[in-house]
Amino acid sequence: RAAAGTPQWRPTVHFTPAENWMNDPNGLVFHEGEYHLFFQHNPYSTEHANLSWGHAVSTDLVRWDELDVALEPDELGEIYSGSAVVDHRNTSGFFDGVEPGLVAFYTSAGETQQQSIAYSRDRGRTWTKFDGNPVIANPGIEDFRDPKVIWDEPSGQWVLLLAVDDHIAFYRSPNLRDWDLVSEFGAGRGAHGGVWECPDLFELPVAGTEESRWVLIVSINPGGPAGGSATQYFLGDFDGTTFVPHDEPDTVLWAELGADFYAAQSWSDIPASDGRRLWIGWLSNWDYTKQVPTEPWRGAMTVPREVGLVDTDEGPRLTQRPVQELESARGPVRRWSGTVSDEGSVVEYSGAALDVVADFTVDSAAMFGIDVFVGERSRTRVGYDVRAGELFVDRTGAGSADPGSGYRARHAAPLDTEDGVLRLRLLIDRSTVEVFAADGRVVLTDLVLRDGGDILRPFAEDGRVQLNSLEVYPIEA
Ligand code: FRU
């Protein structure tokens, strides 16, 4: 089956399941030296059905080993999205007489959506569902899902965030089993063009200041800026019970403006000695994901990214950059510098999985950048439009495959150069494009069903641009 599939679109360093359907990342937790990545998975086909938690582990966030399916549907329903924690203090009582282990929180999606838990005493290899499930019953609301659990250090209790239709509900518990609703957030705040899904909450320092902010992540579908699914965030305070946003009520903040970054979640229990907040997103969009023609798998994750906050004129804003571990996937660098003009490119590289660092200085060109996945009659353009002041990914000419519903589009983000200098980090991986600019404040992630082209080539239009340095690394996990 694999031989008859679409190996030309199989990413090398981006996680994909060996076979069948995948959507959201679930249960992200670091435990005994392993990063766990559970995911929405149909073990039997490339359709969104039989939702289970697939499972992969990594010790370096680059090479993933797919393990057996962790949680399968039961009499309460399919296993929808959720989270996991290490119960260090055995608050749940699931680990009496043994080493503290993992507790997972998921939505049982049957006739109604309810929240259930399961635990593992063997590093996530096997799971026991709690016999008291559901732990949060459905109160008569259709969209009631995606529990995210965090530890509230000051009170020594657990907090659970739940996406409830158009808002986030906050619950608290001493023992991971008994949950009390304590607050709600969302009315009149942020984007409401679709249902709210997959919340997350963490505190981050604002780089270069003494301050920190709580970051509330809320995915929304549809209603995203590139159509369909997108990840929005709110910045504010959290006292263990209530989230209080700092921005004006009409502020809408998006993690990024590409089409394919959804349901992003961060890893729990990364040791304080590491100190990073790392997350990963599903690299697709509900608008067209069910028509994406990859075989024998359907669905990819982004690369794991480190998130941060930076101070801007509008206040703190989110930054993202690929985890530094990815640099271990780099092969020998090829370097170039020079002038790129509309008279034709002077340099090109081949490879459909490349990590690229480019440093441009604006000159006379109205538009410049890097064409990727260039074939005989196809290309994907990663560019900067000088007059518009925007960074863009244009996949309209990427190839003949078209899953429909607005897939054939150009996605742009406002971006100023720094005194005429533009620094880009670009990851391409056979069917994915991720662009990071402005130290990670501007990001675009797009799925690209390229037509087989694997040439990368800088370009300039209507004039020239200085390419101060170009570094191109092949990548392989
Ligand atoms: C988000 C989502 C979640 C749900 C899961 C079902 O993409 O819709 O809200 O739990 O996918 O697969």
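Being a predicted model, the structure only gives us computed values, none of them experimental. (Residues numbered from 1 in each chain as written. Predicted model: local features only at pLDDT ≥ 70, side-chain atom pairs only at ≥ 80, totals over all residues. Heavy atoms only, no water.)

### A word on the overall build of the protein chain
A count of helices and strands for the protein chain gives 0 helices and 34 strands. Taking 477 residues into account, the globule formula puts the C-alpha radius of gyration at 23 Å, and the protein chain, at 22 Å, falls close to it. Overall, the C-alpha framework of the protein chain stretches about 70 × 55 × 40 Å when taken along its three principal axes. The 477 residues of the protein chain split such that 61% are buried. As displayed, the protein chain has an accessible area near 17900 Å², and 43% of this comes from carbon and sulfur atoms. In the protein chain, 38 side chains carry a positive charge and 76 a negative one; their mean positions are 5 Å apart. (Helix = DSSP H or I, 4+ residues; strand = E, 2+ residues; numbered from the N terminus. Rg over C-alpha atoms; globule rule 2.2 N^0.38 Å. Buried < 20%, exposed > 50% of the residue type's maximum accessible area, 1.4 Å probe, protein only. Areas by Shrake-Rupley, 256 points an atom, 1.4 Å probe, with all protein chains shown as cover. Lys, Arg positive; Asp, Glu negative; His and termini not counted. Charge placed at Lys NZ, Arg CZ, Asp CG, Glu CD.)

### Description of the site of the ligand
What surrounds the ligand is a group of 13 residues, the closest being Asp24, Gln40, Arg145, Asp146 and Trp286. One nitrogen or oxygen atom from the side chain of Arg145 is found 2.6 Å from an oxygen atom belonging to the ligand. Protein burial of the ligand: of its 320 Å² of free accessible surface, 96% is covered by the chains. Mapped by element, the contributors of at least two residues to the shell around the ligand are β1 (20-31), β5 (78-86), β9 (144-152) and β13 (195-207). (Near = heavy atom within 4 Å. Polar contact = N/O pair within 3.5 Å; in protein donor to acceptor, adjacent residues only side chain to side chain.)

### Structural notes on the packing of aromatic side chains
For the coordinates displayed, the defined rule picks out 28 aromatic pairs. A ring pair is formed by Phe185 and Phe234, whose centres lie 5.0 Å apart and whose planes are at 80 degrees; its orientation type is edge-to-face. Taken as a pair, Phe185 in strand β12 (residues 180-185) and Phe234 in strand β15 (residues 230-238) lie far apart in primary sequence, 49 residues in all. Pairing Phe360 with Phe368 gives two aromatic rings, centres 4.9 Å apart and planes at 45 degrees, and the pair type is tilted. Classification of Phe360 by relative accessible area gives buried; the value is 0%. Taken together, the aromatic side chains of Phe15, Phe30, Tyr35, Phe39, Trp64 and Trp267 make up a single cluster linked through ring pairs. For the cation-ring pair, Arg410 lies above Phe392, with the distance from its terminal atom to the ring centre recorded as 4.3 Å. (Phe/Tyr/Trp six-rings, centres within 6.5 Å; stacked < 30°, edge-to-face > 60°. Lys NZ or Arg CZ within 6 Å of the ring centre and 35° of its normal.)

### Let's talk about the nonpolar core
Residues Phe360, Ile370, Val372, Leu426, Val433 and Leu456 are the most contacted members of the largest nonpolar core, which totals 48 residues. Those residues in contact with Phe360 that lie beyond four places of it in its chain are Phe368, Gly369, Ile370, Gly420, Val421, Leu422, Leu424, Val465, Gln466, Leu467 and Asn468. (Core = buried A, V, L, I, M, F, W, Y, C linked by side-chain atoms within 4.5 Å. Contact = heavy atoms within 4.5 Å.)

### Overview of the pattern of salt bridges
For the coordinates displayed, the defined rule picks out 29 salt bridges. With a closest N to O distance of 3.2 Å, Glu34 and Arg123 form a salt bridge. Taken together, the residues span a long stretch of sequence, with Glu34 in strand β2 (residues 34-42) and Arg123 in the loop between β7 (113-120) and β8 (128-129) at a distance of 89 residues. Using a relative accessible area of 7% as the deciding quantity, one classes Glu34 as buried. Here the salt bridges do not stand alone but share partners, grouping Glu32, Glu34, Arg123 and Arg125 into one network. (Salt bridge = Lys/Arg side-chain N within 4 Å of Asp/Glu carboxyl O.)

### Some remarks on unusual backbone geometry
The amide bond that connects Asn133 to the next residue, Pro134, takes the cis arrangement and shows omega of 0 degrees. Structurally, the position occupied by Pro134 is in the loop between β8 and β9. A positive phi angle, near 55 degrees, is found at Asp462, a position not held by glycine. One can find Asp462 in the loop between β33 (455-461) and β34 (464-474).

### Thoughts on the side chain of Thr46
Position of Thr46 relative to the elements: it lies in the loop between β2 and β3 (52-58). Overall, Thr46 belongs to the buried group, its relative accessible area being 8%. In contact with Thr46, not counting residues within four places along its chain, are Asn20, Trp21, Glu295, Pro296, Trp297 and Arg298.

### Some points on the sheet that holds β9
With antiparallel pairing, 4 strands are arranged side by side in an open sheet as β9-β10-β11-β12. For this open sheet the edge positions go to β9 and β12, each flanked by a neighbour on one side alone. Averaged over all adjacent pairs, the angle separating strand axes in this sheet is 25 degrees, with direction ignored. As paired strands, β9 and strand β10 (residues 157-164) are joined by 7 bridges and run antiparallel to one another. Across the sheet, the residue bridging to Lys148 is Leu161, located in β10. (Pairing = 2+ DSSP bridges. Axes fitted to C-alpha atoms, helices over the stretch in contact; angles between N-to-C directions.)

### Brief notes about the side chain of Asn133
Secondary-structure assignment places Asn133 in the loop between β8 and β9. Asn133 gets classed as buried once you look at its relative accessible area, which sits at 16%. Within the structure, Asn133 has its side chain in polar contact with the backbone nitrogen of Ile117 (distance 2.9 Å). A distance of 3.2 Å separates a polar side-chain atom of Asn133 from the backbone oxygen of Phe130. With residues up to four places along the chain from it excluded, the contact list for Asn133 reads Leu76, Tyr106, Ser116 and Ile117.

### As for the confidence of the model for the protein chain
Looking at the protein chain, pLDDT values average 97 and 99% of them are 70 or higher. With pTM at 0.98, the complex prediction returns an ipTM value of 0.98. (pLDDT = per-residue confidence, 0-100.)

### Let's talk about the pairing of β12
Pairing geometry for strand β11 (residues 167-173) and β12, over 5 bridges, is antiparallel. Among the inter-strand pairings, Ala169 is bridged to a residue of β12, identified as Glu184. Between β11 and the antiparallel strand that follows it, β12, lie 6 residues; Leu176 among them carries a positive phi value of about 70 degrees.

### Digging into the sheet that holds β34
The pairing of strands in a sheet happens through backbone hydrogen bonds and is either parallel or antiparallel. The sheet built from 6 strands is open, its strands ordered β23-β34-β25-β30-β31-β32 with antiparallel pairing. Edge positions in the sheet fall to β23 (334-341) and β32 (442-447), since each has one partner strand and no second. Averaged over all pairs of adjacent strands, the angle between their axes in this sheet comes to 15 degrees, without regard to strand direction. Pairing of strand β31 (residues 432-437) with β32 involves 6 bridges; the strand directions are antiparallel. Within β32, the residue paired with Ala437 across the bridge is Val442.

### Examining the pairing of strand β18 (residues 262-266)
Most of β18 sits out of view: 5 of its 5 residues are buried. Summarising the sheet, β18 and strand β19 (residues 277-282) pair through 3 bridges and their orientation is antiparallel. Its bridge partner lying in β19, Ser266 is registered against Trp279.

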